[in-house]
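Summary of the model geometry
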Amino acid sequence: MARHRSSAVPLAWLYAALIVYASLYPFSGWQEARGPLLGFLVLPWSRWWTGFDVVANLLGYLPLGALVCLAGVRMGRPPAWAFAAAVAAGLLLSLALEVAQGFLPQRVPSNLDLALNTLGAALGAGLGLAAHAAGAIRRWQSWRDRWFVERSAGGLALLMLWPVGLLFPTPVVLGLGQVLGVLQERLTHLLQDAPLAEGVQGLLSTESRLDALAPGTEFLAVALGLLAPCLVGFAVARTGWRRLVLVAAVAALGFAATTLSTVLNFGPQHALAWLTGPALLAFGCGMGLAALLVGVPVRVSAGLGLVALTALVVLLSQAPTDPYFSQSLQAWEQGRFIRFHGAAQWVGWLWPYAALAYLLARLGGGDRAANPRA
């Protein structure tokens, strides 16, 4: 069986990181283990469980099993090997995290969780094999070869993650990457007792970012927020009408993710509150700029993407935090979605920087196998 670079590989690693985050959040209060590390394996199953816990533990590992299995098949491994690897990955990851939860006061290791996680991974692997047997993987590869250049797995993974980052409230519409303020606050906290702390804290102060962005600056940030993922897509997509379809797909994902984020944070009655006149105009401007660039070569697209992402990060470093976000955050923190919320936050913070690193790698020679004018 032919081997292919698969976007399932980076997605599997990223999803595993999401599971680790969700399982060990908030990563504080570590203490000595409350008993033997593997003692929970021989305990009777807990009688204290809810339907939500069962579904969450079962479905939470299903995508991991499917991604690992599909990655194995795409790498040319026999289906049985891919299935076994997926189940083993789910079992070992779950076992490691259950052991780690024994060191957290807010968590209790559970053999029921371990069994459900492993079963979920097995179900996901089974779905992956079913898709392979039905020819879905072969059709996907044929479609991908027509639409994208070689070595495009990283770019496709970034495009799939982009709408996830938008689920965390952004300072401006489509504005991912506002992490500078968070770093400043945490550095200020770490250095508060250090010599010359007052001077350092003055340099790191975020008070200068309290004013809202000027209308023109916000307009440019929204337009770049849509143009940047389009250019990431152009760095792996073939030129021509297919890129126009990609622009439309990115715009649709951005619209849907931003609307869903507004619903989750402010309620269904405010679903389209973000769609103001200036935001809609900037949204259309970003689409128009992307449409004008559908014919540029792959390497030029990567270079333009670096410029757009850098400009977006610089603009967002000047933007204040949404004043209404602290209110919506309380609902997340008191509910069952706080772990997902935190994961979306990290994706939103880091996505532009991951995209910058990926595009730099493309320009540095990582795409030599691809035709730069494909």
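Shown above is the structure to which this text applies.
Residues numbered from 1 in each chain as written. Predicted model: local features only at pLDDT ≥ 70, side-chain atom pairs only at ≥ 80, totals over all residues. Heavy atoms only, no water.

Points about the overall build of the protein chain
The secondary structure content of the protein chain amounts to 15 helices and zero strands. The buried share of the protein chain, reckoned over its 374 residues, is 44%. Within the protein chain, residue pairs in contact and separated by at least 24 positions form 84% of the contacts whose partners lie at least 6 positions apart. Per element, the accessible surface of the protein chain, about 19000 Å² overall, is 69% carbon and sulfur. (Helix = DSSP H or I, 4+ residues; strand = E, 2+ residues; numbered from the N terminus. Buried < 20%, exposed > 50% of the residue type's maximum accessible area, 1.4 Å probe, protein only. Contact = heavy atoms within 4.5 Å. Areas by Shrake-Rupley, 256 points an atom, 1.4 Å probe, with all protein chains shown as cover.)

Some points on unusual backbone geometry
A positive phi is found at R151, a non-glycine position, where the angle reads about 55°. In this fold, R151 is placed in the loop between helix 6 (136-147) and helix 7 (153-165).

As for the side chain of T118
Counting through the fold element by element, T118 comes out in helix 5 (residues 111-133). The buried category is assigned to T118, whose relative accessible area is 16%. Looking at T118, its side chain comes within polar contact range of the main-chain oxygen of L114, at 2.8 Å. Setting aside its immediate chain neighbours within four residues, T118 contacts V87 and L91. (Polar contact = N/O pair within 3.5 Å; in protein donor to acceptor, adjacent residues only side chain to side chain.)

Regarding helix 3 (residues 62-74)
With 13 residues, helix 3 ought to run about 18 Å at 1.5 Å a step, and its terminal C-alpha atoms sit 18 Å apart, in line with that. Along helix 3, the residues classified as buried are L64, G65, A66, L67, V68, C69, A71, G72, V73 and R74. Packed against the buried residues of helix 3 are helix 1 (8-24), helix 4 (79-101), helix 5 and helix 6. Following helix 3 by one or two positions, G76 adopts a phi angle in the positive range, close to 95°. (Expected span 1.5 Å × (residues − 1).)

Let's talk about the packing of aromatic side chains
Scanning all chains against the criterion turns up six aromatic pairs. Between W274 and F283, the aromatic rings sit 6.3 Å apart at their centres with planes inclined by 50°, giving tilted as the arrangement. Here W274 and F283 have matching classes, each one buried. Taken together, the ring pairs connect W140, W143, W147, F148 and W241 into an aromatic cluster. Over the ring of W81 we find R77, and its NZ or CZ is 4.8 Å from the ring centre. We note R242 situated over the ring of W147; from NZ or CZ to the ring centre the distance is 5.9 Å. (Phe/Tyr/Trp six-rings, centres within 6.5 Å; stacked < 30°, edge-to-face > 60°. Lys NZ or Arg CZ within 6 Å of the ring centre and 35° of its normal.)

Quick look at the side chain of Q101
For Q101, the location among the structural elements is in helix 4. The class for Q101 is buried, based on a relative accessible area of 7%. For Q101, the residues in contact, after removing those within four places along its chain, are S23, L24, R34, R107, V108 and P109.

Focus: the packing of helix 1 against helix 7
Interhelical geometry of helix 1 versus helix 7 gives an angle of 45° and a closest axis separation of 8 Å. Between helix 1 and helix 7, the interaxial angle falls into the category oblique. Between helix 1 and helix 7, the residues in contact are P10, L11 and L14 and A153, A157, M160 and L161, respectively. Looking at the contact of helix 1 with helix 7, its residues break down into seven nonpolar, no polar and no charged. (Axes fitted to C-alpha atoms, helices over the stretch in contact; angles between N-to-C directions. Parallel < 35°, antiparallel > 145°, perpendicular 65-115°, else oblique. Nonpolar A, V, L, I, M, F, W, Y, C, P; charged D, E, K, R; others polar.)

Quick notes on the nonpolar core
Counting 55 residues, the largest nonpolar core has W162, V232, L309, W351 and L359 as its most contacted members. Listed by contribution, the elements that provide at least two residues to this core are helix 7, helix 10 (215-234), helix 11 (241-266), helix 12 (277-292), helix 13 (298-316) and helix 15 (338-366). Take this core: its biggest share by element is 10 residues, from helix 10. Ranked by size, the runner-up nonpolar core spans 23 residues in total, among them A8, A16, A100 and L104. (Core = buried A, V, L, I, M, F, W, Y, C linked by side-chain atoms within 4.5 Å.)

Observations concerning the environment of A88
Within the element layout of this structure, A88 appears in helix 4. For A88, a relative accessible area of 32% gives the class partly exposed. Along the sequence, A88 and T118 sit 30 residues apart, while their C-alpha atoms lie 8.1 Å from each other.

Structural notes on the packing of helix 3 against helix 5
Orientation of helix 3 relative to helix 5, taken along the N-to-C sense of each, is 45°, at an axis distance of 6 Å. Relative to helix 5, the element helix 3 is oriented oblique. By crossing handedness, the relation of helix 3 to helix 5 is classed as right-handed. Where helix 3 abuts helix 5, its residues L62, G65, A66, C69, L70 and V73 lie against G120, A121, L123, G124, A125, L127, G128, L129 and H132. (Left-handed = near helix turned anticlockwise from the far one by under 90°.)

Quick look at helix 10
For helix 10, built from 20 residues, the straight-helix expectation of 28 Å at 1.5 Å per residue is met to within 8% by its first-to-last C-alpha distance of 29 Å. Judged by how many residues are buried, helix 10 sits mostly within the fold: 14 of 20 residues are covered.

By themselves these figures say nothing about function.
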